[in-house]
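Examining the three-dimensional arrangement
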Amino acid sequence: MNHQESLTAYLAAFVVELVQTGIKDVVVSPGSRSTPMAMVMAEHPELNIHIHVDERSAAFFALGIAKATNKPVAILCTSGTAAANYFPAIIEARYSRVPLLVLTADRPHELREVGAPQAIDQIHLYGQHVKWFADMALPETSNELIRYARTVGARAAAIASQAPAGPVHLNFPFREPLIPKLDEEIFELKERPMGYVQVRNGELTIREDEFREISQKLKGYDKGIIVCGDIADNQFAQAVTELSAALKFPVLADPLSQLRSGLHPLENIVEAYDTFLRNEDAKEYLKPDVILRFGAMPVSKALTIFLKENHQAEQFVIDGAGGWRDPATLSTEMIFCDESIFCEQLSGLTEIKESTEFLEKWREINELTKANMALIKDTQMLSEGRLFYQIAEMLPEEATLFVGNSMPIRDLDSFFLNNHKSIKVMANRGANGIDGTVSTALGAALYSQPLYLVLGDLTFFHDLNGLIAAKLYGIDIRIIVVNNNGGGIFSFLPQSQHPKNFELLFGTPLNLEFEHAVRMFNGNYTKVKDWDHFRGLMKQSSDVKGLNVYEVVTNRDSNLTQHRDFWRIVSQEISNFVKGVH
């Protein structure tokens, strides 16, 4: 069998096995050395091929698809710096536990380190940021190599999906000529046509006697809280609210926990903690003796500080992926168990407590804070706080809300209140970067509609290339750009106390007219005039098609003043309440 036939048989076997594992989406960036893999993949009828010229945006686009589907997505590029451009998205996938299958084409071994063009060292290119790496064998057509190709495909997809999910890197060296032999029988495999090896991934749990031991420990506590960060388990909301009802512990729900919106019980969900945990009287009044923590670390700095200050409390960290999410080294027990299973098992062993005194304290402070939060609606000027306070009521049922980092995710945390609309909230909080946000949201929008993206002007600028996906594939997306002309978050940080070079180094105003960029990608652009205008746009938004960008221009200084005034007013009300109780 000649080189072309060997190349084709080897890659066809690999691609067939990927499809057998359930992979359906591949994001391909054009290149020469990746030609054979790209052409074979494009022939498979069950693969959705998405072309994205910019490798950095392509990888984030795939990340978005994987986040929306909870299934591995493959990305394919040529050799050289193309592969290096994948790195930011791979880092995000690693730390946000998103399954990606990274396929990089490479020069054959004889062309490495000899000055060949477009040849860099791609061995372990991504270091510890991938779960597994394999430098693939050169294509051959022997039975052993065909089985090898198929087995590696199944293994890679399984490892990417295995908790904690993450990226896997396979490096494929190809010799020229690079054109495969494509015919009708390309995917007909004689040996094990229904899949070479099936990998079954189980769920982590602990023994029944250990559940009983934990249940007995918790029985001795009345002052407990449940803290829930980013978690992507559809069963978790019902499971944790049932546990809360039994233990009479309030649930402090990060916006990415998917607990603030849905049909599950909301009466024990506390969402305004980012505001009231800035108050010393409240923190003393709400001091816990035990803490159960699920999911990633919460967005709120006020909550993180509160957890650190209560280091004397017994803290259980429950992680179904066997990670170590404890940056402040506060945990007294690290429990490697599926989060929903843990809640369900513990609920079944827990006698429903009678006392609700501590729970009522949290509820009362939460309701008092939300009552004062309504003051933000009196703000006539366009502002970040009011936008996030009102966005839940403006979004349609079962919408997906993707939020950019820096100030937007923090304002979401502060002002996005409980509701029964089943709004799914997403963000790139693995590494907390602003890069690739547009592309990730567009990837998610392929499988999550209607999708709304809210982000700052710097984050939007950072990934303008990503908008090409909306143009190429007619993706429906509504992007709300909060334009305060720079890095608004730095106004809240210590750097702002040093005004001499603040704007130069941190404020970084760009003074961009985004309308031109949006039009370049065949998008519709609207600058929001006032709140009535914005409300009207949002009311019509679920029916609009394609790329739609709404620019909300705000003022950084006014935003800082509004936040501080709001925190001051609420803090005074809380202090008065706590002192009145005592």
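Residues numbered from 1 in each chain as written. Predicted model: local features only at pLDDT ≥ 70, side-chain atom pairs only at ≥ 80, totals over all residues. Heavy atoms only, no water.

Description of the packing of helix α3 (residues 55-69) against helix α16 (residues 437-445)
Axes are the key here: two packed helices are described by the angle between their axes and the distance separating the axes. Put simply, the rule reads: All axes are obtained by fitting lines to C-alpha atoms, using only the stretch in contact for helices, and the reported angles, taken between N-to-C directions, cover 0 to 180 degrees. Under the DSSP-based scheme used, a helix requires at least four consecutive residues in state H or I and a strand at least two consecutive residues in state E, with every element numbered from the N terminus. By the definition adopted for this analysis, an angle is roughly parallel if under 35 degrees, roughly antiparallel if over 145, roughly perpendicular if from 65 to 115, and oblique otherwise. Take the far helix as your reference; a near helix turned counterclockwise from it by less than a right angle gives a left-handed crossing, and one turned clockwise gives a right-handed crossing. What makes two residues a contact is simply this: any of their non-hydrogen atoms within 4.5 Å. In this classification, Asp, Glu, Lys and Arg are treated as charged, Ala, Val, Leu, Ile, Met, Phe, Trp, Tyr, Cys and Pro as nonpolar, and every other residue, Gly included, as polar.
With their axes 6 Å apart at the nearest point, α3 and α16 run at an angle of 40° to one another. Of the possible angle classes, the one that applies to α3 and α16 is oblique. For the element pair α3 and α16, the recorded crossing hand is right-handed. Every residue of α16 that contacts α3 at Ser57, Phe60, Phe61, Leu63, Gly64, Ile65, Lys67 and Ala68 is listed here: Ser439, Thr440, Leu442, Gly443 and Ala444. Looking at the contact of α3 with α16 residue by residue, the classes come out as seven nonpolar, five polar and one charged.

Some details on the sheet that holds strand β17 (residues 524-527)
Quick note on the threshold: In short, DSSP must find at least two bridges between two strands for them to pair.
The strand order across the open sheet formed by six strands is β14-β13-β15-β16-β18-β17, and the pairing between neighbours is parallel. Strands at the two margins of the open sheet, each flanked by one partner only, are β14 (424-426) and β17. Here the average twist between neighbouring strands, direction ignored, is 20°. In this structure, strand β16 (residues 477-483) lies alongside strand β18 (residues 547-553), joined through seven bridges in parallel fashion. Counterpart to isoleucine 477 in the pairing with β18 is leucine 547.

Topic: a nonpolar patch on the surface
This is how the line gets drawn: Residues form patches when they are more than 30% accessible in relative terms and have no salt bridge. Like charges link within 9 Å. Nonpolar side chains (Val, Leu, Ile, Met, Phe, Trp, Tyr) link within 5 Å. The protein chains shown are the only cover counted for residues, whose accessible areas, like all others here, come from Shrake-Rupley with a 1.4 Å probe. Any Lys or Arg side-chain nitrogen located within 4 Å of an Asp or Glu carboxyl oxygen qualifies as a salt bridge. Relative accessibility decides the category of a residue: with a 1.4 Å probe and only protein chains considered, values under 20% of the type maximum give buried, values over 50% give exposed, and everything between is partly exposed.
Residues Ile51, Leu472 and Tyr473 make up a contiguous nonpolar surface patch of about 250 Å² in total accessible area. Looking at the secondary structure, you find leucine 472 in helix α18 (residues 468-473). Take leucine 472: its relative accessible area is 47%, and that puts it in the partly exposed class.

A few points about α3
Using the following cut-off: The span one expects for a helix is its residue count, reduced by one, times 1.5 Å.
Taking 1.5 Å per residue as the helical rise, α3 with its 15 residues ought to reach 21 Å, and the 21 Å between its terminal C-alpha atoms agrees with that figure. With 13 of 15 residues buried, α3 is to be regarded as a mostly interior element. The positive-phi residue at the C-terminal boundary of α3 is asparagine 70, with phi of around 60°.

Thoughts on the packing of aromatic side chains
To be explicit about the condition: Centres within 6.5 Å make a pair out of two Phe, Tyr or Trp rings, where for Trp the six-membered ring is used; the pair is then stacked when the planes are under 30 degrees apart, edge-to-face when over 60, and tilted otherwise. In our convention, an over-ring charge means Lys NZ or Arg CZ found within 6 Å of a ring centre and within 35 degrees of that ring's normal.
Evaluated as defined, the whole model comprises 14 aromatic pairs. Ring centres of phenylalanine 236 and phenylalanine 294 lie 5.3 Å apart, and the angle between their planes is 55°; on these two criteria the pair is classed as tilted. Of this pair, phenylalanine 236 sits in helix α8 (residues 236-247) while phenylalanine 294 sits in strand β10 (residues 290-294); the two residues are 58 residues apart in sequence, bridging distant segments of the chain. Each member of the pair, phenylalanine 236 as well as phenylalanine 294, carries the same accessibility label: buried. In this structure an aromatic cluster arises from ring pairing among Phe211, Phe236, Phe294 and Phe342. The ring of tryptophan 567 has arginine 278 lying over it, and the distance from NZ or CZ to the ring centre is 3.8 Å. Positioned over the ring face of tyrosine 285 is lysine 361, at 4.7 Å from the centre of the ring.

As for the nonpolar core
What counts here: For the purposes of this section, nonpolar cores are sets of buried Ala, Val, Leu, Ile, Met, Phe, Trp, Tyr and Cys residues that join through side-chain atoms within 4.5 Å.
One finds Phe276, Trp362, Leu387, Ile391 and Leu401 to be the most contacted residues of the largest nonpolar core, which totals 60 residues. The residues touching leucine 387, leaving out its near neighbours within four places in the chain, are Val454, Ile480, Val482, Trp531, Phe534 and Val552. Core analysis: the next-biggest nonpolar cluster, separate from the first, contains 50 residues, Ala66, Tyr86, Leu464 and Ile479 among them.

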